[in-house]
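Notes for the structure review
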Amino acid sequence: MLDGFTGWPEEFATRYRERGYWQGHTLGSLLRDRALARPAHTAVIDGDRRWTYRELDERADRLAAGLHGLGIAPGDRVLVHLPNVAEFLVLSFALFRLGAIPVFALPAHRETEIAHLARLSEAVAYVIPDSHLGFDHRPLARIVCEKTPTLRHVLVAGDPGEFTALSSVDADPRPLPAPRPSDVALLLLSGGTTGVPKLIPRTHDDYVYNLTASAEVTGLDATTRYLASLPVAHNFPLACPGVLGTLHVGGTVVLSPTPSPDDAFRLIERERVTVTALVPPLALLWLEAAEWAEADLSSLRLLQVGGAKLKPDTAARIGPALGCRLQQVFGMAEGLLNFTRLDDPDDLLLHTQGRPLAADDELRIVDIDDREVAPGEVGELQVRGPYTVRGYYRAADHNRTAFTPDGYYRSGDLVRQLPSGHLMVEGRIKDVINRGGDKIPVEEVENHLLGHPAVHDVAIVGIPDLTLGERSCACVIARGVPPTRAQLNAHLTALGLAAFKLPDRVEVMESFPRTGLGKVNKRALAERVAGSTR
Ligand code: OOB
């Protein structure tokens, strides 16, 4: 078993097997089953490339053999930093089959995040595109190599420069030791915890359930043509039901290089896309673009929106403007997924973030002392269940506070639950800013800002924003001449921080409001900043 992985207690594992959540399949076998059933059906479309199920399946086998030949062994971690390209799928299935564990980084991540993920996971290989949206990944890989003693290979989709071309890692398929369904299959990045980013171990058993059950509530079948608009390294477009759920039902995955209406609308028309997933700010952008765009979007049947709270008035515009049904999704990489159902009445569809996927998702809504609140009241959502993890990877100390002694994950989200089981997300108590679906780990950015010579103290708070839901504001107590936003952001960029984490605004002040215990009172601070005009 992977060290640093907290599994489910035996009694729960037995229950989840008995009740059919864990069926003993691996992610690698899922593609094999489809390839046997419908070999000539198109599995994936990426630009001019169209691969059938047979082709994707064979490529995954050849790459698995090639990676094995490089010395990548079952249980080894491989840091995957690819955008929405067909190689992402081949590589993922190759690793699943080999039992090596992909660590999925987001395309926006840069040196700080990547070096941290590489070291935390002790990655043996790092897989990148040559360049993506104007950013050359090879110089970044050079730095990551210097900082990561375990890294033995950099594999490049495209022009490899001094590294190895991913396309050259290929060998005749050979029998490989198969992973067990209870093994960790992948590591996802947490959207928000304190301190440094955490990794979330997902097993074959639990992730196969995650994507299979998601495909079912989303109504996917072999006629589905799913457009991956959001970066597929994220749980939502990856497996809720996303690209993996689509392949599981034998549908077709269409990869969009960006979620912009320009790219996505063209693909929806050309490939007759039926389903896609967006975060709320992009849904707004699509609504605006649909007013003037000439593309034919009539094939679109369902738009999933999640990752951040969707406003009811935006939700109400989706059906009429895009000619498709809406599904709200409130999920987390740690596990729990909530979906509005396809036959939900409008009031639930527009005003709630859905209800849990599994009958065995155990939800508890609690007050500050972990006592359950009265039905319908707002409290923190805690959850355990057949696809919700029991611990972050290699984070024993943090796990003691992030999970309750009886194994519930403390989501940090404030919700209320309706008698129907549907949840409404009302806020959060974790120190994360949700910038339109991009999660900013506040403490991490504050720590980097404290390293700037003109910063004596700093506290980052969210400020309401019409499009993004919220933006970030860094409140700074200066040391000497107050720093400008440009200077602070140049500092963070030089450290190699993902761009979405850079403060949208900087406010210099003399002091921070404090709580009785002397901690920064972020709520009062946020009110102070929201009150000042700019
Ligand atoms: C998804 O996953 P993560 O891990 O990036 O972020 C999880 C957090 C949740 O704890 C919650 O704070 C927020 O994102 N969130 C929402 C939301 N969906 C996620 N807040 C309000 N309304 C929603 N609909 O974001 C994610 C994972 C799987 C599917 C969909 C989203």
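None of these values were measured; they are calculated from a predicted model.

Counted as a void, the second largest pocket has a volume near 430 Å³. For the lining of the second largest pocket, the secondary-structure elements that each account for two or more residues are helix 1 (10-18) and helix 7 (204-217). Among the elements that line the lining of the second largest pocket, the one with the most residues is helix 1, at three residues. Classifying every residue of the lining of the second largest pocket gives twelve nonpolar, six polar and five charged.

Near the ligand lie 21 residues; those nearest to it are His234, Val329, Ala333, Asp413 and Lys430. Contact between the ligand and alanine 308: a nitrogen atom at 3.4 Å from a main-chain N or O atom of the residue. For the ligand, the accessible surface in isolation is 590 Å², of which the surrounding protein chains cover 96%. For the shell around the ligand, the elements supplying multiple residues, two or more each, are helix 8 (235-239) and strand 16 (325-332). If one sorts the elements of the shell around the ligand by residue count, strand 16 sits on top with four residues.

Before going further, it helps to spend a moment on the pairing of strand 3 (residues 77-80). Here is the key point about a regular strand: its side chains alternate between the two faces of the sheet. With burial as the criterion, each face of strand 3 is covered, one bearing Arg77 and Leu79 and the other bearing Val78 and Val80. Considered for its hand, the β-α-β crossover made up of strand 3, helix 4 (residues 86-98) and strand 4 (residues 101-104) is right-handed. Alignment of strand 3 against strand 5 (residues 125-129), held across three bridges, turns out to be parallel. If you follow valine 78 over to strand 5, its bridge partner there is alanine 125.

Pairing within the open sheet is antiparallel, and its four strands lie in the order 19-20-21-22. Bordering the open sheet on either side are strand 19 (362-366) and strand 22 (423-428), each of which pairs with just one other strand. Neighbouring strand axes in the sheet, compared pairwise and without regard to direction, differ in orientation by 45° on average. As paired elements, strand 21 (residues 409-417) and strand 22 share five bridges and run antiparallel to each other. Bridging from a neighbouring strand, arginine 416 pairs with methionine 424 of strand 22.

Here we come to the pairing of strand 13 (residues 252-255). Both faces of strand 13 are covered, namely the face carrying Thr252 and Val254 and the face carrying Val253 and Leu255. Pairing geometry for strand 1 (residues 42-46) and strand 13, over two bridges, is parallel. Paired with valine 44 across the two strands is valine 253, which belongs to strand 13. Where strand 12 (residues 225-228) lies against strand 13, four bridges are found, and the strand directions are parallel. Bridge pairing links alanine 228 to leucine 255 in strand 13.

Take the side chain of glutamate 113 next. Looking at where glutamate 113 falls in the secondary structure, it is placed in helix 5 (residues 111-121). Side chain to side chain, glutamate 113 and lysine 501 meet in a polar contact 2.8 Å long. Ignoring anything within four residues of it in the chain, the contact list for glutamate 113 reads Gly496, Leu497, Ala498 and Lys501.

Where helix 5 meets helix 6 (residues 137-147), the axes come as close as 10 Å, and the angle between the chain directions of the two elements is 40°. The angle between helix 5 and helix 6 places the two elements in the oblique class. Considering the relative orientation of helix 5 and helix 6, their crossing is right-handed. Residues Glu111, Ile114, Ala115, Ala118 and Arg119 of helix 5 form the contact with helix 6, whose own contacting residues are Leu140, Ile143, Val144 and Lys147. Here the contact of helix 5 with helix 6 is built from residues that sort into six nonpolar, no polar and three charged.

Turning our eyes to something else, we now look at the domain arrangement of the protein. Assigned domains within the protein: domain 1 (220-228 + 249-323) and domain 2 (432-531). The C-alpha centroid of domain 2 is placed 33 Å from the C-alpha centroid of domain 1. Contacts between domain 1 and domain 2 engage six residues on the former and eight residues on the latter. Both faces considered, domain 1 and domain 2 share a buried interface measuring about 470 Å² in area, 57% of it formed by carbon and sulfur atoms. For domain 1, the biggest contributors to the area lost against domain 2 are Pro281, Gly307 and Lys311; these three give 62% of the whole. At the boundary of domain 1 and domain 2, one finds zero salt bridges. Taken together, domain 1 and domain 2 are joined by three residue pairs in polar contact (both at pLDDT 80 or more). Of the residues in the side of domain 1 that touches domain 2, the class split is four nonpolar, one polar and one charged.

Thresholds applied
Position numbers for residues start from 1 in each chain and track the written sequence from start to end. Local features in a predicted model are, by the rule used here, given only for residues with pLDDT of at least 70; side-chain atom pairs are given and counted only at 80 or more, and totals for whole chains, interfaces and linings are based on all residues. Computation of side-chain values: all heavy atoms of the structure, hydrogens and water removed. Grid points spaced at 1 Å and placed over the protein atoms alone form the basis of the search, with a cavity being a set where a 1.4 Å probe fits but cannot get out and a pocket an open set showing protein on both sides within 12 Å along at least five of seven lines. Lining residues have an atom within 4 Å of a point. Grid points are joined across faces, edges and corners, and a volume is the space filled by probe spheres set on the points. Numbering of helices and strands runs from the N terminus, with a helix taken as a DSSP run of H or I at least four residues long and a strand as a DSSP run of E at least two residues long. Three classes are used, and their members are as follows: Ala, Val, Leu, Ile, Met, Phe, Trp, Tyr, Cys and Pro are nonpolar, Asp, Glu, Lys and Arg are charged, and the others, Gly among them, are polar. For each residue, the test is whether any non-hydrogen atom lies within 4 Å of the molecule or strand; if one does, the residue is near. The term polar contact refers here to a pair of N or O atoms within 3.5 Å; inside protein, the definition further demands a hydrogen-donor-capable atom paired with an acceptor-capable atom, and it admits residues adjacent in sequence only when both atoms are side-chain atoms. The protein chains shown are the only cover counted for residues, whose accessible areas, like all others here, come from Shrake-Rupley with a 1.4 Å probe. With a 1.4 Å probe rolled over the protein chains alone, any residue whose accessible area is under 20% of its type maximum counts as buried; one over 50% counts as exposed, and the rest are partly exposed. Classification remark: right-handed applies to a crossover when, strands pointing away from the viewer, the course from the first strand over the helix to the second runs clockwise. We call two strands paired when DSSP finds no fewer than two bridges between them. Working convention: axes come from line fits to C-alpha atoms, limited for helices to the stretch in contact. Angles between N-to-C directions cover 0 to 180 degrees. Contacts are assigned to residue pairs that have any heavy atoms within 4.5 Å of one another. Working rule for angles: under 35 degrees goes down as roughly parallel, over 145 as roughly antiparallel, 65 to 115 as roughly perpendicular, anything else as oblique. Take the far helix as your reference; a near helix turned counterclockwise from it by less than a right angle gives a left-handed crossing, and one turned clockwise gives a right-handed crossing. Reported domain spans reflect what an automatic or database domain assignment gives. Using a 1.4 Å probe, buried area is obtained as the accessible area two parts lose upon being combined, added over both of them. By convention in these notes, a salt bridge is any Lys or Arg side-chain nitrogen within 4 Å of a carboxyl oxygen on Asp or Glu.

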